[in-house]
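Given next are the chains, with one letter for each unit.
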Amino acid sequence: MGHHDLIVIGAGPGGYVAAIRAAQLGLNVACVEQEPALGGTCLRVGCIPSKALLESSERFAEARAELKNHGVVAGDIGLDLATMLRRKDQVVGLNTKGIDALFKKNKITRYLGRGRLAGPGRVDVIETPKGAGPTELQAKYVIIATGSKSAPLRSVELDYDRIGTSTEALAYPAVPKRLVVIGAGYIGLELGSVWRRLGAQVTVFEYLDRILPGTDADIAAEALKLFKRQGLEFRLGARVTGARKNGLGCIVELEGVEPIGCDRVLLAVGRVPNTDDLGLETVGIKPDAKGRIPVDDHFATTAPGIFAIGDVIRGPMLAHKAEDEGIACVEHIVTGYGHVNYDAIPGVCYTEPEIAGVGRTEEQLKAEGRAYRTGVFHFRGNGRARALGHIDGKVKILADAQTDRILGVHIIGPRAGDLIAEAAVAIEFGASSEDLARCSHAHPTLAEALKEAALAVDARAIHA
Ligand code: NAD
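Rules behind the numbers
- Residues numbered from 1 in each chain as written.
- Predicted model: local features only at pLDDT ≥ 70, side-chain atom pairs only at ≥ 80, totals over all residues.
- Heavy atoms only, no water.
- Helix = DSSP H or I, 4+ residues; strand = E, 2+ residues; numbered from the N terminus.
- Rg over C-alpha atoms; globule rule 2.2 N^0.38 Å.
- Buried < 20%, exposed > 50% of the residue type's maximum accessible area, 1.4 Å probe, protein only.
- Axes fitted to C-alpha atoms, helices over the stretch in contact; angles between N-to-C directions.
- Left-handed = near helix turned anticlockwise from the far one by under 90°.
- Contact = heavy atoms within 4.5 Å.
- Nonpolar A, V, L, I, M, F, W, Y, C, P; charged D, E, K, R; others polar.
- Phe/Tyr/Trp six-rings, centres within 6.5 Å; stacked < 30°, edge-to-face > 60°.
- 1 Å grid on protein atoms, 1.4 Å probe; cavity = no way out; pocket = protein on both sides within 12 Å on 5 of 7 lines; lining within 4 Å.
- Points joined across faces, edges and corners; volume = space filled by probe spheres on them.
- Domains from an automatic or database assignment.
- Near = heavy atom within 4 Å.
- Polar contact = N/O pair within 3.5 Å; in protein donor to acceptor, adjacent residues only side chain to side chain.
- Areas by Shrake-Rupley, 256 points an atom, 1.4 Å probe, with all protein chains shown as cover.
- Core = buried A, V, L, I, M, F, W, Y, C linked by side-chain atoms within 4.5 Å.
- Expected span 1.5 Å × (residues − 1).
- Pairing = 2+ DSSP bridges.
- Buried area = accessible area lost by both parts, 1.4 Å probe.
- Salt bridge = Lys/Arg side-chain N within 4 Å of Asp/Glu carboxyl O.

Participant: Would you take a moment to explain the overall build of the protein for this structure?
Facilitator: Looking only at helices and strands, one finds 13 helices and 22 strands in the protein. Scaling as 2.2 N^0.38, a compact globule of 464 residues should have a C-alpha radius of gyration of about 23 Å, and the protein matches this with 23 Å. Its C-alpha atoms give the protein principal-axis dimensions of roughly 65 × 60 × 45 Å. The 464 residues of the protein split such that 51% are buried.

The structure is reproduced here in structure tokens:
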């Protein structure tokens, strides 16, 4: 029996960060992970490989369409997909090895196998490599950080090849001629963009009458316009009712219209928590209707000493949300203090242009009946955006009508994912739009667009 202070089940961004922070705080920590590579979905088959492919495919698209505008003559631009995919794998490999090194540095004991609760304070490591037999572990605290998996859709017959999830779409061996994406969320748009840039004809079927549910509607509408201009095809209000393999291709069925043929299907209709066969019943934890583990404000489950963080609990399924929860959970266990401000968690869609938001959307403010003022600044008025040649998009700041406190910031445009960090800090610190407007922003930078949007809340933007 292995004895530890804390056992973390799952080494994704929630679990590995919690393990490192707990070790920093002096706990004897173990982490149980079933995959040989640490880092979870995010590092292995999610955020990191998709960003590697987004970067490579964007360079390919830029080289073909835009370099000549800069006076760069490059001759024929070709695609070596095998090298692109190999580079992505190398990026993943280096990142996961980095977590190995961090575990060693922090003296975290690693168990390879599947972790399953076996009663209060007890975890069995099963399905160990080469049938080494189960290992029994004991600890005062256990954190469940087992993440999520792609949600299935009834009658979509996944064969994890022609009809697959994001995992398969990160490694198609050849550019599909015709790719159907089911779902216009983060995954569908990011990976749809990758294969469109590499030459596929991509059609996105979305059940709702808009894309990017949860994103500020006005920003999502602008994104839709730009994606269509790039050549992505959309069928909104289209409910996919089935998909199956048909010879070397696939057939996709939709409500009320003729079936559509394609080479590959990417199913991206959300994710569901990994709570199956976790031994939750051995400690009396009952998942909710969506399969999530109920927790209190400090991530404690109904079972004493057992906590849960990340995609297995309520809230957005985002790597950084899981990381923040891992740290807050462990700090609360050890120090009695630990908190996550869910109003200041940014969300980013890494398309071109990027789309990012933090805080309330206009729809949420309207639903809450809250009076607000809006400041908008378009990137076409920003000198740096012009120099980059990326002038599409805007920054929108929503501030309380009485107090001027910033309630939400939404950006579509170049490097929106980096720019949103300033807005998240402003919201965390309770800044007003005037605070942001009075801060010096280096010139010429894209960040000046945030300052101008803050000035625009009071109708005094300079470059608009
Ligand atoms: P999502 O929930 O963001 O979007 C799924 C979309 O599928 C929705 O718009 C929904 O209306 C649509 N849909 C559902 N059923 C349908 C049907 N039958 N026919 C047509 N459309 C249908 O889900 P996702 O894009 O799969 O992402 C999963 C999770 O992973 C999300 O929580 C997301 O936050 C996270 N993620 C984040 C990032 C990022 O931060 N950049 C990237 C990838 C994934």
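Read on for the rest.
Participant: Could you clarify how one ought to interpret the packing of helix α3 (residues 47–65) against helix α6 (residues 186–197) in this entry?
Facilitator: Geometry of a packed helix pair, given as the angle between the helix axes and the separation of the axes. Running from N to C, α3 and α6 point in directions that differ by 35°, and their axes come no closer than 9 Å. Crossing handedness for the pair α3 and α6: left-handed. Packed against α3, whose contacting residues are S50, K51, L53, L54, S57, E58, F60, A61 and R64, the element α6 presents E190, L191, S193, V194 and R197 at the interface. Partitioning the contact of α3 with α6 into residue classes produces six nonpolar, three polar and five charged.

Participant: Where do I start with the packing of aromatic side chains in this structure?
Facilitator: For any pair of aromatic rings, the description rests on two quantities: the centre-to-centre distance and the angle between the ring planes. For the coordinates displayed, the defined rule picks out two aromatic pairs. Residues Y172 and W195 carry aromatic rings whose centres are separated by 5.1 Å and whose planes lie at 40° to one another, so their mutual orientation is tilted. Pair noted here: Y172 is in the loop between α5 (166–169) and β9 (178–182) and W195 is in helix α6, with a separation of 23 residues, a long-range link. Like Y172, the residue W195 is buried in the burial classification.

Participant: Help me understand the layout of surface pockets in this model?
Facilitator: Of the volumes computed, that of the second largest pocket is approximately 470 Å³. Among the elements that make up the lining of the second largest pocket, the one with the highest residue count is α3 (six residues). Here the residues of the lining of the second largest pocket sort into four nonpolar, three polar and nine charged. When residues of the lining of the second largest pocket are assigned to domains, at least three map to each of domain 1 (2–149 + 273–340) and domain 3 (344–457).

Participant: Before we go on, may I ask you to explain the site of the ligand in this structure?
Facilitator: Contacts to the ligand come from 24 residues, most closely from I187, E190, E206, G270 and V348. Take Y207: an N or O atom from its main chain is 3.1 Å from a nitrogen atom of the ligand. A268 is positioned with one of its backbone polar atoms (N or O) 3.4 Å from an oxygen atom of the ligand. Protein coverage of the free-state accessible area of the ligand, which is 860 Å², stands at 81%.

Participant: Sorry if this is basic, but what is going on with the nonpolar core here?
Facilitator: A general feature of soluble globular proteins is that nonpolar side chains tend to end up buried together. L6, V29, F103, L117, I143 and I144 are the most contacted members of the largest nonpolar core, which has 56 residues in total. Looking at which element gives the most residues to this core, the answer is helix α1 (residues 13–24), with seven residues. With residues near it in sequence (within four places) discarded, V29 still touches H4, L6, V8, A19, A22, A23, K107, I108 and T109. Membership of the second largest hydrophobic core comes to 35 residues, among which are L54, V204, I211 and I412.

Participant: I would appreciate a short explanation of unusual backbone geometry in the present structure.
Facilitator: Leaving glycine out, the prevailing phi sign among residues is negative, and the prevailing peptide bond configuration is trans. With an omega of 0°, the peptide bond running from E352 to P353 counts as cis. Tracing the backbone through its elements, the reader meets P353 in the loop between β18 (347–349) and β19 (354–359). For the bond running from H443 to P444, omega is 0°, close enough to zero to count as cis. Inspection of the secondary structure puts P444 in the loop between α12 (433–438) and α13 (448–457). Its identity is not glycine, yet F299 carries a phi of approximately 70°, on the positive side. Within the secondary structure layout, F299 lies in the loop between β16 (271–273) and β17 (306–308).

Participant: Looking at this model, I keep getting lost on α3. Mind explaining?
Facilitator: Given 3.6 residues per turn, any residue in an α-helix points the same way as the ones three and four places further on. Between the first and last C-alpha of α3 there are 26 Å, a value that for 19 residues agrees with the 27 Å anticipated at 1.5 Å per step. Turning to α3, its buried residues are P49, S50, A52, L53, L54, S56, S57, E58, F60 and A63. Buried residues along α3 sit against α2 (40–45), α4 (81–105) and α6.

Participant: Just checking my understanding: could you explain the sheet that holds strand β15 (residues 264–267) for this structure?
Facilitator: The pairing of strands in a sheet happens through backbone hydrogen bonds and is either parallel or antiparallel. Taken together, five strands build an open sheet; the order of strands is β8-β15-β9-β10-β11 and the sheet is parallel. Either end of the sheet is taken by a strand with one partner, and the two such strands are β8 (163–164) and β11 (233–236). Note that β8 and β15 share two bridges and pair parallel. By the bridge assignment for β15, I163 is matched with V265.

Participant: Can you walk me through the sheet that holds strand β14 (residues 257–262) in this structure?
Facilitator: An order of β12-β13-β14 is seen for the three strands of this open sheet, with the pairing classed as antiparallel. Each end of this open sheet is capped by a strand with a single partner; those strands are β12 (240–246) and β14. Between one strand axis and the next, the sheet turns by 20° as a mean value, whatever way the strands run. Across six bridges, β12 lies against strand β13 (residues 249–254) in antiparallel orientation. Bridge pairing in β13 places K245 opposite C250.

Participant: What exactly am I supposed to notice about the side chain of D400 here?
Facilitator: Relative to the helices and strands, D400 resides in strand β21 (residues 394–400). Looking at D400, its side chain comes within polar contact range of the main-chain nitrogen of Q402, at 2.8 Å. Not counting residues up to four positions away in its chain, the partners in contact with D400 are R370, A371, Y372, R405 and L407.

Participant: What exactly am I supposed to notice about the domain arrangement of the protein here?
Facilitator: Once the domains are mapped, the protein shows domain 1 (2–149 + 273–340), domain 2 (163–269) and domain 3 (344–457). When each unit is reduced to the centre of its C-alpha atoms, the spacing between domain 1 and domain 3 is 30 Å. Contacts between the two partners involve ten residues from domain 1, matched on the other side by eight residues from domain 3. Of the roughly 690 Å² buried between domain 1 and domain 3, counting both surfaces, carbon and sulfur atoms make up 61%. Per-residue buried area on domain 1 facing domain 3 is highest for K51, E58 and H320; these three make up 39% of the total on that side. If you look at where domain 1 meets domain 3, you find zero salt bridges. Of all elements in the fold, only α3 and α8 (319–335) reach the threshold of two or more residues within the side of domain 1 that touches domain 3. In terms of residue count, the dominant contributor to the side of domain 1 that touches domain 3 is α3 (four residues). Across the side of domain 1 that touches domain 3, the residue classes break down as three nonpolar, two polar and five charged.

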